[in-house]
Amino acid sequence: MAIEQPATRPANPRFSSGPCAKPPTFDVTKLADAALGRSHRAAIGKDKLKAAIEGTREVLGIPADYKIGIVPASDTGAVEMALWSLLGERKVEMLAWESFGSGWVTDVVKQLKIDAEVKTADYGQIVDLASVDCNNDVVFTWNGTTAGVRVPNADWIADDREGLTICDATSAAFAMDLPWDKLDVTTFSWQKVLGGEAAHGMLILSPRAVERLESYTPAWPLPKIFRLTKGGKLIDGIFTGATINTPSMLAVEDYLFALDWARSVGGLKGLIARADANAQAVFDFCDANDWIANLAEDDATRSNTSVCLKFTDDRIKDGAAFAKAVAKRLENENIALDIGAYRDAPAGLRIWCGGTVETADIEAMLPWLAWAFEAEIEAQA
Ligand SMILES: Cc1ncc(COP(=O)(O)O)c(C=O)c1O
């Protein structure tokens, strides 16, 4: 029996967890003012890079005494710069509950060969944050994008810590409240919550992180692309728009557009509200349907950006094949693109709920998910 398709379709089927949907008002003509074909060191380029830095500070509410740099190689570049430049001075705790956090563990333990204390949890769970000693350097991911599990708060980070907290916040910045006083190093990429372009990473340093950079030299060599200091002093230019190497001025223009759009929806508060409303629509759908559930086991850790779902119906024979087939049906109908679970994550779906996604599109997509589920159950039988 053919299962009837819902009547309403999402206006935008883009629910990818990165690169994420562009802001709803985006079109390429909005980038016409990009400083293309000009030196990024000319006044026009420098001014735009500075505007990207100060716009980030304004929208995210980053304290005036924190440094914000635009660095190469997206979020990965920003995290690697921090790990390679800062670690090794004291004991390190590595926290991981999904693939990106695990990637940072590998780098620190296998590449830097630091004898770190590694705390891990399975997909859907989170490590015991109360056991973390913040007199050590602590590396963690605010929102584990591939598990849809985020830290519930920063209460576990001591105000009087001696170590540095190094936080990969790429799928959290612009969707979650980040308590800057608890974060010494924070990174994100433009391609995530604001729907910008990849290529550049943002590296945000607290005064204590700067102090470490200026007082400690790692035992290993640092390539130019990672170097944040010269002669024991922070290279201040990196944090005022004089980038280490050549940035894409098209990507910069796109980020400036995204920041303007963020302001137009009420800044950080507005962005958080949009992500919360999107995620809540998915949570409600899971509550109403007993064949699907959030991968996050504790509601307090459920992501409001990368919402990860698992199928829980006994009739499903091959979980991975089933989830793939459901995602494929939705893609074929142009209802939802790129919503398969991350390759290393448990079988299921991942629906991006960051602020560039319209709640009406999430609400229009969910009945189609029910349709695809029923159709696939029938096909499997
Ligand atoms: C938590 C986390 N860290 C790092 C990355 C890598 O980001 P990028 O590709 O922008 O370097 C991602 C990308 O999805 C991520 O979700």
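Above this text sits the structure in question.
Values in this document were obtained by computation on a predicted structure and should not be read as measured data. (Residues numbered from 1 in each chain as written. Predicted model: local features only at pLDDT ≥ 70, side-chain atom pairs only at ≥ 80, totals over all residues. Heavy atoms only, no water.)

**Student:** An account of the nonpolar core is requested, with residue identities and associated values reported.
**Tutor:** The nonpolar side chains of soluble globular proteins are, as a tendency, buried together. Phe140, Trp142, Phe174, Phe311, Ile351 and Leu369 are the most contacted members of the largest nonpolar core, which has 93 residues in total. It is helix H6 (residues 267-288) that provides the largest number of residues to this core, a total of ten residues. Once residues within four sequence positions are removed from consideration, phenylalanine 311 is found in contact with Trp291, Ile292, Ile316, Phe322, Ala323, Val326, Leu349 and Phe373. Core analysis: the second largest hydrophobic core is formed by 35 residues, Val71, Leu83, Leu112 and Leu234 among them. (Core = buried A, V, L, I, M, F, W, Y, C linked by side-chain atoms within 4.5 Å. Buried < 20%, exposed > 50% of the residue type's maximum accessible area, 1.4 Å probe, protein only. Helix = DSSP H or I, 4+ residues; strand = E, 2+ residues; numbered from the N terminus. Contact = heavy atoms within 4.5 Å.)

**Student:** Before we move on, can you summarise the side chain of glutamate 93 with the specific residues and values?
**Tutor:** If you trace the backbone, glutamate 93 turns up in strand E2 (residues 92-96). Take glutamate 93: its relative accessible area is 1%, and that puts it in the buried class. A polar atom in the side chain of glutamate 93 sits 2.9 Å from the side chain of asparagine 136. With near-sequence residues (within four places) excluded, glutamate 93 lies in contact with Glu117, Lys119, Ser131, Val132, Asp133, Asn136, Asp137, Val138 and Val139. (Polar contact = N/O pair within 3.5 Å; in protein donor to acceptor, adjacent residues only side chain to side chain.)

**Student:** Can you tell me about the sheet that holds strand E14 (residues 349-352), naming the residues and giving the values?
**Tutor:** The sheet built from three strands is open, its strands ordered E12-E13-E14 with antiparallel pairing. Two strands close off the open sheet at either side, each with one partner strand: strand E12 (292-294) and E14. Pairwise comparison of adjacent strand axes, ignoring direction, gives a mean angle of 35 degrees for this sheet. Looking at chain direction, strand E13 (residues 306-311) and E14 are connected through four bridges and run antiparallel. Counterpart to valine 307 in the pairing with E14 is isoleucine 351. (Pairing = 2+ DSSP bridges. Axes fitted to C-alpha atoms, helices over the stretch in contact; angles between N-to-C directions.)

**Student:** How would you explain the site of the ligand if you had to name every residue and give the values?
**Tutor:** What surrounds the ligand is the set Ser74, Asp75, Thr76, Phe100, Trp104, Thr141, Thr145, Asp168, Thr170, Ser189, Gln191 and Lys192. The side chain of serine 74 places a nitrogen or oxygen atom 2.5 Å from an oxygen atom of the ligand. In the environment of the ligand, a nitrogen atom lies 2.6 Å from a nitrogen or oxygen atom belonging to the side chain of aspartate 168. Elements supplying a minimum of two residues to the shell around the ligand: helix H2 (74-86) and helix H3 (99-111). Residues that form the shell around the ligand fall into these classes: two nonpolar, seven polar and three charged. (Near = heavy atom within 4 Å. Nonpolar A, V, L, I, M, F, W, Y, C, P; charged D, E, K, R; others polar.)

**Student:** So what's going on with unusual backbone geometry? Which residues, and what values?
**Tutor:** Across the chain, the bulk of peptide bonds are trans and the bulk of non-glycine residues have phi less than zero. Note the cis peptide between glycine 18 and proline 19, where omega equals -10 degrees. Along the chain, proline 19 turns up in the segment before helix H1 (43-60). Although it is not a glycine, alanine 199 sits at a positive phi angle of roughly 110 degrees. Within the secondary structure, alanine 199 is located in the loop between strand E8 (185-189) and strand E9 (200-205). Of the residues examined, alanine 199 reaches a relative accessible area of 35% and is grouped as partly exposed. With phi around 55 degrees, asparagine 334 is a residue other than glycine that occupies positive phi space. Within the secondary structure layout, asparagine 334 lies in the loop between helix H7 (319-332) and E14. Exposure remark for asparagine 334: the relative accessible area of 43% places this residue in the partly exposed category.

**Student:** Now, about the pattern of salt bridges: what can you tell me, with residues and values included?
**Tutor:** Pairing of side chains with opposite charge becomes possible as their charged atoms draw close. Scanning all chains against the criterion turns up 23 salt bridges. Among the salt bridges present, the one from lysine 119 reaches glutamate 93, with a minimum N-O distance of 2.8 Å. With lysine 119 in strand E3 (residues 117-120) and glutamate 93 in strand E2, the pair connects residues that are 26 residues apart, well separated along the chain. The pair formed by lysine 119 and glutamate 93 is uniform in burial state, with each residue classed as buried. With its nearest N and O atoms 2.8 Å apart, the salt bridge here joins arginine 212 to aspartate 137. You can see arginine 212 sitting in helix H4 (residues 207-215) and its partner aspartate 137 sitting in strand E4 (residues 137-141), a full 75 residues away along the chain. Here arginine 212 and aspartate 137 have matching classes, each one buried. In this structure, a network of salt bridges that share partners links the residues Glu89, Arg90, Asp137 and Arg212. (Salt bridge = Lys/Arg side-chain N within 4 Å of Asp/Glu carboxyl O.)

**Student:** Explain H2 to me, using residue names and the numbers behind them.
**Tutor:** With 13 residues, H2 extends 19 Å from end C-alpha to end C-alpha; this agrees with the ideal 18 Å at 1.5 Å per step. Counting buried residues in H2 gives twelve out of 13 residues, a clear majority hidden from the surface. Buried within H2 are the following residues: Ser74, Asp75, Gly77, Ala78, Val79, Glu80, Met81, Ala82, Leu83, Trp84, Ser85 and Leu86. Just beyond H2, the residue with positive phi is glycine 88, at close to 105 degrees. (Expected span 1.5 Å × (residues − 1).)

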